[in-house]
Amino acid sequence: LDVGAEKISQVTLTADFDSGTVHIKPLKISIVPGEYLKVTGKASLDSTYDISLSSPGINLASIQSAGMSDSSGGELSLAFSGRGTFSDPGLKGYIALKDFVFNGSKLDDIKLNAEIKDQNVHVHGKPVFDLNAFYHLKTGDFTSELHFNETALEPYFKIAGMQDLK
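Rules of the game
Every chain's residues receive numbers from 1 upward, in the order its sequence appears when written. Totals for whole chains, interfaces and linings use all residues, but because this is a predicted model, local features are given only for residues with pLDDT of at least 70 and pairs of side-chain atoms are given and counted only at 80 or more. Side-chain numbers here rest on the full set of heavy atoms in the structure, without hydrogens or water. In this description a helix means any DSSP run of H or I spanning at least four residues, a strand means any run of E spanning at least two, and both kinds are numbered starting from the N terminus. Accessibility here uses a 1.4 Å probe with only protein chains present; expressed as a share of the type maximum, an area under 20% marks a residue as buried, one over 50% as exposed, and anything in between as partly exposed. The criterion used for residue contact is that any of the two residues' heavy atoms lie within 4.5 Å. Grouping into patches uses exposed residues only, defined as over 30% relative accessible area, and leaves out salt-bridged ones; the cut-off is 9 Å for like charges and 5 Å for nonpolar side chains (Val, Leu, Ile, Met, Phe, Trp, Tyr). Computed by Shrake-Rupley with a 1.4 Å probe, the accessible areas treat only the displayed protein chains as cover when residues are assessed. One speaks of a salt bridge when a side-chain nitrogen belonging to Lys or Arg is within 4 Å of a carboxyl oxygen belonging to Asp or Glu. Two strands are said to pair when DSSP picks up at least two bridges between them.

**As for the side chain of Thr21**
Along the chain, Thr21 falls in strand E2 (residues 21-32). Overall, Thr21 belongs to the buried group, its relative accessible area being 14%. What Thr21 contacts, discounting residues up to four positions off in sequence, is Asp16, Lys42, Ala43 and Ser44.

Below you can see the structure in the form of structure tokens.
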């Protein structure tokens, strides 16, 4: 299956529709065999949902649309679950990147936690530096805090093509 930006090797869906609710058991999207995104849960016509989204690991080289031609490795994993309505969403989980090498530089593993609650998106973690960010879905307000403490920036300067900075 070619969806433009990405080729998908397989899509499987097992679902039931009962009393205005779709029960997904599961939807599985495979970019390449063995590397997939899995969705389970339910969504109803009254705009409520209770859903889980996960991937045990997808090699970045498998994701053509990520534009990682300079990457020689890295694995993306994620797990999110939530319930709510489309007008008042709820979701909590993480996205992680490990063993990432770009332009010959090995980068630290990254794990970001995220939560959507009370119209606020909160992202926090340590992607090289301490990150704590908030975004309000209704107002568009955004705030963030970044804390750098003896952070090795040389690999990131190299990625940006600024090898002279250290």
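There is more to say after this.
**So, a nonpolar patch on the surface**
A cluster of nonpolar side chains, Phe17, Val22 and Leu45, forms an exposed patch at the surface whose accessible area comes to about 320 Å². By the secondary structure assignment, Val22 is in strand E2. Residue class for Val22 comes out partly exposed when judged on its relative accessible area of 31%.

**Section: the pairing of strand E8 (residues 110-117)**
Sheet topology places strand E6 (residues 91-102) next to E8; seven bridges connect them, and they run antiparallel. Looking across to E8, one finds that Leu91 is bridged to Ile116. Pairing of E8 with strand E9 (residues 120-125) involves six bridges; the strand directions are antiparallel. Paired with Asn113 across the bridge in E9 is His124. Linking two consecutive strands that pair antiparallel, namely E8 and E9, is a turn of two residues; a positive phi of about 55° is found at Asp118 within it.

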